[in-house]
Structure formats: C-alpha cells, structure tokens
Amino acid sequence: MIGKKAYSLAKQLWPINRSITGEGVRQTLKIIKTIIPDLKIFEVKSGTKAFDWEVPLEWSVKDAWIKDPSGEKICEFKKNNLHLVGYSTPIHRMLSKNELLKNLHSIPSMPNAIPYITSYYKKNWGFCISEKQKKKLKKGQYEVFIDSKLFKGSLTYGELLIKGQSKKEIFLSTYICHPSMANDQISGICVTTFLSDWILKYSNRKYSYRIIFIPETIGSIVYLSKNLIKMKKNILAGFNITCVGDEKNYSYLPSKNGNTISDSISKHVIQHIDSNYLHFNWSDRGSDERQYCSPNIDLPVASLMRSKYNYYKEYHTSLDNLKNVVTPKGLQGGYDLIRLAIQALEKNCYPKTKIYGEPFMSKRNFFPDIKKLSHKDKTSAKGGRRHYSNIKDKDEYYHLSMDIISLSDGKNSLLDIANFCKVPIWNLYPIVDILYKNKIIYLLKDPKK
Ligand code: ZN
C-alpha cells in the first residue's frame, strides 16, 4: 500500500522547519533523495534575477520564544515551528503586553489553532499563537527572543528528469516551502515522491517526465526563468500537486482556459473516482498554476486534489496535521487520482480498424467463453446510451468491445471512446489489448487526418 509508505514519509518530513529558502528545504530534499536517488538538487544564489522577481536572502533560524512576566516560556519555535512568523528578523528585547500584541497573530474564530503566517518580502518579526492562549496573556513585561539570520545564501530546489520514448514531457510540480502542515504541504511531497518512483518503474514509458520539488511562487518563477524554452517546446501535460492527503473531497482546478489535454484527462479521471467531486474554476487558483498558466508562459497545467487549499477549515493552521486531516487512506486516494491521470496520458492513443464493416467475431474465437449472449439490454427507454456498470459481465464486455471497434476510425482517441461509452478509460485497456493482439485494431499515436 503506497498510502502507508507515503504516510510514514509524511511523519519523517513533519518536524522540519521549511521555508522558501534554507536548511529545511535541503533536509526535505535529502529525505526525498533516499527514495528517488536520481533527484538532482540545485542552488540558486540570493539576488539572482528571475523575470520580475529576485531570489531573496536565505533565512535560517536556531531558536525563538517569548517569556511571559512570570518567566514561563510560550510560543516556543522548538515545540511548534508555526509559532514563529516565517522570515522573522532577529530580535531580543523586553516589551509591554500591548507592544507584543502588535506582533502576535491568532484566529479568533478558531481558538485552538495556531495560524501559519510569513513575511518573506517585508522585513518584520512576529509570533503565532492560539486565540485561547492569547486570551490568557497577563499584563506586564515580555522577553522576546528570535535567533534568526537573513544572509546572502541561496534558494534550493530538486529536479528529476526521466527519459521516455518521446521527447514530449509530462510535468509534475510540488512545493516544499511550508513548515509542519499536513494536507497543504506534506501530502504533495509524499504523493509526488511515490509517483516519481512509480514512473521510474513504468515499463515502455511513452513520455519523458519533468518532476520538480520547489518553493512555491518564487521557486516556480526561478525554475521557469531557467527552463522556459525547453518547457514550452516539450511539455504536453502537467499537474501541480498539492493537497492530496485527506479523505474528504476530490477537487479539480482547471488550467487558465480549461481546454488542455491535462484538463480533459483530469475531468475524466476524477469523475470516475468521485462523481461528487468539486469543480473549481480559474478564479480559485492559488498555487503554482498561477505561474505555469500566466500570460507568456501558458503551460497546460491543471490541479487534481483532495480537499483544496483555502476550502477546508484546518487550512494554514496547526490543525492541518497527520492525526485529524491527512491519513494513509487519504494519501492513497490522492496518489491513485494522479497516477490514473498519468497512466491515461500514457495509454491514450487513436485506435483504428482496417476492417470494412463490422468484423466477423464468431470466426475469431475472440470470446471463447461466451456461449450465448443474453438479450438484457440496459439501454434506457428514453433512447440514452448503453450504461456499462460491470465489464466483468460478458454481455457488457462484448458490447463494449463492439463500441470500441465501431469508434476506431483513427480520429477518436481512447479518451473520446471512454467518454462516449461513459466508462473509466482504465476499463478499456484490457479490451484494447485483446483487440490489438487479434489484429482487429491497431493504435495510432496521433489522430488520422
Ligand atoms: Zn499553503
């Protein structure tokens, strides 16, 4: 079970203090490399220009805490890295409660949650605290201590390139810049790591793969600025992988115009996994698809998720954890969702028959175990299409095979055929194999004009 393996990787990655730069990113990539040793790690110096942006100073932090008037330590970074605002500048001072409150963040509507706050591009410091704890703060002087450093270092990212028969690429991107949070952070890393492992073992890969582990926003911008020409030339389809670890929803966010092959594959796969999936639109974007689909870049990148960022209550708080939100079963679902989409891209083709008229099936010994087909026709009385519910049923298997043959004109893709038959594309794979082996159809890479 990949879900269990992904979950134990999640536990390993959990305590690391990740940010857009720094040791947390390096440690995370090192752990991923134990599972995918071919992962290459890159460092891009602070100050490097990337389109309209610049790689920021590197941030490192050793310790941070507040001492209340009775000398008790609160908001300890070492106990929960969310207590410290990301990219906080160093400070060691005594402050009144009122002064301290200006730099304290909490969520009044979620009294037990510590929020996740960063200040990457504006020099600032701050602590995050649960509303419940904030309300208990006594009057008096507070000692504030942040042992952090901002210095000319680098931004770190990981890249895995996997060769296939074609130079055309499938692109996977996930981010590695959030501290200890489960669905919005660790799930994406774990699912992408095990998908990489699965792709490496996938025999007869048609496509090449470009898989990146980057800090969100600045990382995708830096990566694009270094690789855009190759990416524009080769990327056929892509997925931004985030929020793939809980058990509540399945969600789809389209690419900007929603009309790429990544979109048609995503919609097909997700509707057959969960007919009640949540269909978002481009205005709900919020992750690296913002860069991948931006004007002048326009890559075919869609997002397949479980509960989407911003749309579950634990999002960006300490409550997004490995106990209540992300589970092995949730990770398995997220992994299967994207694995099935990639497999559909690999298996998609344009079946074509050379036979004129329907093939004479009886002479082919094609359905050796079907002695007599019954006539229970499941076509609805309204004249709707046949409803396939169980392809193990001999009738259905036969009719589905005949549907495939009748649509095998070299113009319909396997995905079109699956959509016409209203079955998951993966139900067609074994039938297509048999039709191909029996020389009833052959398979074209591109549609016949
Ligand atoms: Zn986030």
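Refer to the preceding data block for the structure.
Residues numbered from 1 in each chain as written. Predicted model: local features only at pLDDT ≥ 70, side-chain atom pairs only at ≥ 80, totals over all residues. Heavy atoms only, no water.

## Describing the layout of surface pockets
- Its boundaries defined by the atoms lining it, the largest pocket holds a volume of some 390 Å³.
- The greatest single-element share of the lining of the largest pocket, amounting to 3 residues, is contributed by helix α12 (residues 425-437).
- By residue class, the composition of the lining of the largest pocket is 7 nonpolar, 4 polar and 5 charged. (1 Å grid on protein atoms, 1.4 Å probe; cavity = no way out; pocket = protein on both sides within 12 Å on 5 of 7 lines; lining within 4 Å. Points joined across faces, edges and corners; volume = space filled by probe spheres on them. Helix = DSSP H or I, 4+ residues; strand = E, 2+ residues; numbered from the N terminus. Nonpolar A, V, L, I, M, F, W, Y, C, P; charged D, E, K, R; others polar.)

## Details of the environment of L200
- Assignment of secondary structure puts L200 in helix α5 (residues 182-201).
- Exposure remark for L200: the relative accessible area of 32% places this residue in the partly exposed category.
- As for L200 and I162, which are separated by 38 residues in sequence, their C-alpha atoms are 7.1 Å apart.
- In contact with L200, other than residues within four places in its own chain, are I36, L160, I162 and R205. (Buried < 20%, exposed > 50% of the residue type's maximum accessible area, 1.4 Å probe, protein only. Contact = heavy atoms within 4.5 Å.)

## A look at the side chain of S180
- Along the chain, the position of S180 falls in the loop between β11 (169-175) and α5.
- In terms of polar contacts, S180 uses its side chain to reach the backbone carbonyl oxygen of W14, at 2.6 Å.
- In this structure the side chain of S180 is engaged in a polar contact, spanning 2.9 Å, whose partner is the side chain of N81.
- In this structure S180 touches W14, P15, I16, R18, N81 and L82, once residues within four positions along its chain are discounted. (Polar contact = N/O pair within 3.5 Å; in protein donor to acceptor, adjacent residues only side chain to side chain.)

## Points about the coordination of the zinc ion
- Looking at the zinc ion, the protein donor atoms are H178 (NE2), D184 (OD) and H316 (NE2), and they sit 2.0 to 2.1 Å from it.
- The sequence pattern describing where the donors of the zinc ion fall on their chain is H-x5-D-x131-H. Here H178, found in the loop between β11 and α5, pairs with H316, found in the loop between β16 (301-305) and α9 (328-347); they are 138 residues apart in sequence, far enough to count as distant. (Donors = N, O, S within 2.8 Å, 3.2 Å for Na, K, Ca; no water.)

## Things to note about the environment of E23
- Among the structural elements, E23 can be located in helix α2 (residues 23-35).
- When the C-alpha positions of E23 and W59 are compared, they lie 8.6 Å apart, and in sequence the two are 36 residues distant.

## Quick look at the environment of T28
- Considering the arrangement of structural elements, one finds T28 in helix α2.
- Here the alpha-carbon distance between T28 and W198, two residues 170 residues apart in the chain, equals 20 Å.
- Those residues in contact with T28 that sit more than four places away from it in its chain are L13, I16, R18, I176 and I189.

## Section: the nonpolar core
- In terms of nonpolar packing, the biggest core is built from 79 residues, with F213 and L428 touching the most fellow members.
- The residues contacting F213, other than those within four sequence positions of it, are L29, I32, I36, L39, Y157, G158, T174, I176, I189, T192, T193 and S196.
- V44, L137, Y223 and M231 belong to the second-largest nonpolar core, a separate cluster that totals 45 residues. (Core = buried A, V, L, I, M, F, W, Y, C linked by side-chain atoms within 4.5 Å.)

## Things to note about empty space enclosed by the protein
- Evaluated as defined, the whole model comprises 2 cavities of 30 Å³ or more.
- Lining the largest cavity are N17, R18, S19, W59, N81, L84, G86, Y116, I117, T118, Y120 and P179.
- Its residues placed into classes, the lining of the largest cavity shows 6 nonpolar, 5 polar and 1 charged.

## Regarding the packing of aromatic side chains
- In total, this model carries 12 aromatic pairs according to the counting rule given.
- With a centroid separation of 5.5 Å and 90° between ring planes, the pair formed by Y87 and Y120 is classed as edge-to-face. Within this pair, whereas Y87 is found in the loop between β5 (73-74) and β6 (91-96), its partner Y120 is found in the loop between β7 (104-105) and β8 (127-128), the two being separated by 33 residues in sequence.
- Measuring from ring centre to ring centre gives 6.0 Å for Y120 and Y121, while their planes differ by 75°; the resulting arrangement is edge-to-face.
- Taking the relative accessible area as the measure of exposure, Y121 reaches 48% and is therefore partly exposed.
- Positioned above the aromatic ring of F280 is the side chain of K308, whose terminal nitrogen or guanidinium carbon lies 5.1 Å from the ring centre.
- Above the face of the Y429 ring, K347 is positioned so that its terminal group lies 5.1 Å from the ring centre. (Phe/Tyr/Trp six-rings, centres within 6.5 Å; stacked < 30°, edge-to-face > 60°. Lys NZ or Arg CZ within 6 Å of the ring centre and 35° of its normal.)

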